[in-house]
Amino acid sequence: MPKFFIPAIATSLLALVSTAQGGQITNLQVYDGGSSPTATINYTGANGTGSYSAYVYADPQVSSGTTAPLFYCVDLYHDNYIGSTYTITPVSTMPFANSTFSDVDNRIGWLLSQDQSTPESRAAVQLAIWYTVDNKPDASLSGFSMSTGSSTITSDYNQLISFSGYDPTQNYSAQFWQATHDAGNTLYQDLASAVPAGFQQNSVPEPTSLVMGA
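The following refers to the structure shown. Quantities reported herein were computed from a predicted structural model and do not represent experimental measurements.

A look at the sheet that holds strand β9 (residues 174-180)
Sheet strands associate in pairs through backbone hydrogen bonding, adopting either a parallel or an antiparallel arrangement.
Step number 1: Taken in spatial order, the 5 strands make up an open sheet running β1-β7-β9-β10-β6, and their pairing is antiparallel. On the outer flanks of this sheet lie β1 (23-25) and β6 (72-73), each paired with one strand and no other.
Step number 2: Pairing analysis gives 7 bridges linking β9 to strand β10 (residues 188-194), with the strands arranged antiparallel. The residue of β10 that forms the bridge with Ala 174 is Ala 194.
Step number 3: Each of β6, β9 and β10 touches helix α1 (residues 104-112); the most contacted strand, β9, lies at about 100° to it.

Quick look at the structure:
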């Protein structure tokens with residue numbers, strides 16, 4: 001997850017570029033920079049046990065100098081850091097052991113098709129994605145929850161996680177990515193982006209060593 005504990009961020013205007021085909025996220029930035037919304041989140045541990053809390057930016061990530069695609073975090077257990085460069089690899093799907101939904105991938109695709117026109121709406125999408133991948137906690141745990149000072153984000157988030165308007169018979173496309181920081185995979189994060197028009201997926205199986213919730 002983008003577990004940014006509110007460091008100072010230097011931001012600049014981001015120029016629109018063509019969509020990424022894989023390769024690198026260079027000089028990772030949060031999309032809204034200093035205006036990125038924050039939230040306190042509670043979530044289940046990767047192995048399905050334990051409950052953890054973090055104060056985070058609820059904002060998509062971009063490669064510095066770009067505005068597209070927006071990369072949303074689908075990983076609550078690993079950190080990406082502002083300013084770092086990551087190799088990204090497209091993958092066809094990912095396991096989500098802490099979710100009750102059998103169609104997590106499709107629900108994430110639906111969330112990525114919802115309004116993302118403001119910092120608040122983008123934050124609501126990010127938080128709803130985290131809820132979607134972590135709504136199956138241990139019986140003694142509470143699973144994913146969030147709190148924020150923004151009533152707009154809270155309202156949008158609650159609407160999104162109701163999945164009102166979601167049609168399980170429709171295919172909502174999402175592209176999933178692995179981001180690796182170094183050869184030892186000591187820092188990496190799983191990401192999702194909307195599939196842009198004309199994008200050719202060349203997905204590869206996800207290595208078992210990186211399976212979430214193993």
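Thoughts on the sheet that holds strand β3 (residues 38-44)
Step number 1: Strand order in this open sheet of 3 strands is β4-β3-β8, and the pairing throughout is antiparallel. In this open sheet, the two edge strands, each paired with only one partner strand, are β4 (51-57) and β8 (145-147). Strand-to-strand twist in this sheet, taken as the mean axis angle between neighbours without regard to direction, amounts to 20°.
Step number 2: The pairing of β3 with β4 spans 7 bridges and is antiparallel. Paired with Ile 41 across the two strands is Ala 54, which belongs to β4.
Step number 3: Across the face of the sheet, helix α2 (residues 119-133) comes into contact with β3, β4 and β8 while running at roughly 5° to β3.

Points about the nonpolar core
Step number 1: If you look at the biggest cluster of nonpolar residues, it comprises 42 residues, and the most contacted ones within it are Ile 41, Ile 108, Leu 127 and Phe 144.
Step number 2: Counting residues per element, the ones that place at least two in this core are β3, β4, β6, α1, α2, α3 (151-161) and β9.
Step number 3: Non-local contacts of Leu 127, meaning those with residues more than four positions away in its chain, are made with Ala 39, Ile 41, Ala 58, Phe 144, Met 146, Ile 153 and Tyr 157.
Step number 4: Among the nonpolar cores identified, the runner-up in size contains 8 residues, and Ile 25, Phe 71, Tyr 86 and Ala 179 belong to it.

Details of the side chain of Ser 193
Step number 1: Summarising the element assignment, Ser 193 is placed in strand β10.
Step number 2: By relative accessible area, which is 1% here, Ser 193 ends up buried.
Step number 3: Only 2.9 Å separates the side chain of Ser 193 from the side chain of Trp 177, close enough to count as a polar contact.
Step number 4: With residues near it in sequence (within four places) discarded, Ser 193 still touches Pro 69, Leu 70, Phe 71, Leu 112, Ala 174, Gln 175 and Trp 177.

So, the packing of aromatic side chains
Step number 1: One pass over the full model with this rule turns up 10 aromatic pairs.
Step number 2: Here the aromatic rings of Trp 110 and Tyr 166 are separated by 6.1 Å at their centres, their planes lie at 80°, and the arrangement is edge-to-face. Taken together, the residues Trp 110 in helix α1 and Tyr 166 in the loop between α3 and β9 connect sequence positions 56 residues apart.
Step number 3: Their ring planes at 50° and their centres at 6.3 Å tell us that Trp 130 and Phe 144 sit as a pair that is tilted. Separated by 14 residues along the polypeptide, Trp 130 in helix α2 and Phe 144 in the loop between α2 and β8 bring together distant segments of the chain. Phe 144 matches Trp 130 in its accessibility class, with the two residues each being buried.
Step number 4: The residue whose ring lies beneath Arg 107 is Phe 101, and the NZ or CZ to ring-centre distance is 4.0 Å.

Brief notes about the pairing of β9
Step number 1: Extensive coverage of β9 is indicated by the burial of 6 of its 7 residues.
Step number 2: Sheet topology note: the strand β7 (residues 86-91)/β9 ladder contains 5 bridges and is antiparallel. Counterpart to Thr 87 in the pairing with β9 is Thr 180.

What counts, and where the lines are drawn
Residues numbered from 1 in each chain as written. Predicted model: local features only at pLDDT ≥ 70, side-chain atom pairs only at ≥ 80, totals over all residues. Heavy atoms only, no water. Pairing = 2+ DSSP bridges. Helix = DSSP H or I, 4+ residues; strand = E, 2+ residues; numbered from the N terminus. Contact = heavy atoms within 4.5 Å. Axes fitted to C-alpha atoms, helices over the stretch in contact; angles between N-to-C directions. Core = buried A, V, L, I, M, F, W, Y, C linked by side-chain atoms within 4.5 Å. Buried < 20%, exposed > 50% of the residue type's maximum accessible area, 1.4 Å probe, protein only. Polar contact = N/O pair within 3.5 Å; in protein donor to acceptor, adjacent residues only side chain to side chain. Phe/Tyr/Trp six-rings, centres within 6.5 Å; stacked < 30°, edge-to-face > 60°. Lys NZ or Arg CZ within 6 Å of the ring centre and 35° of its normal.

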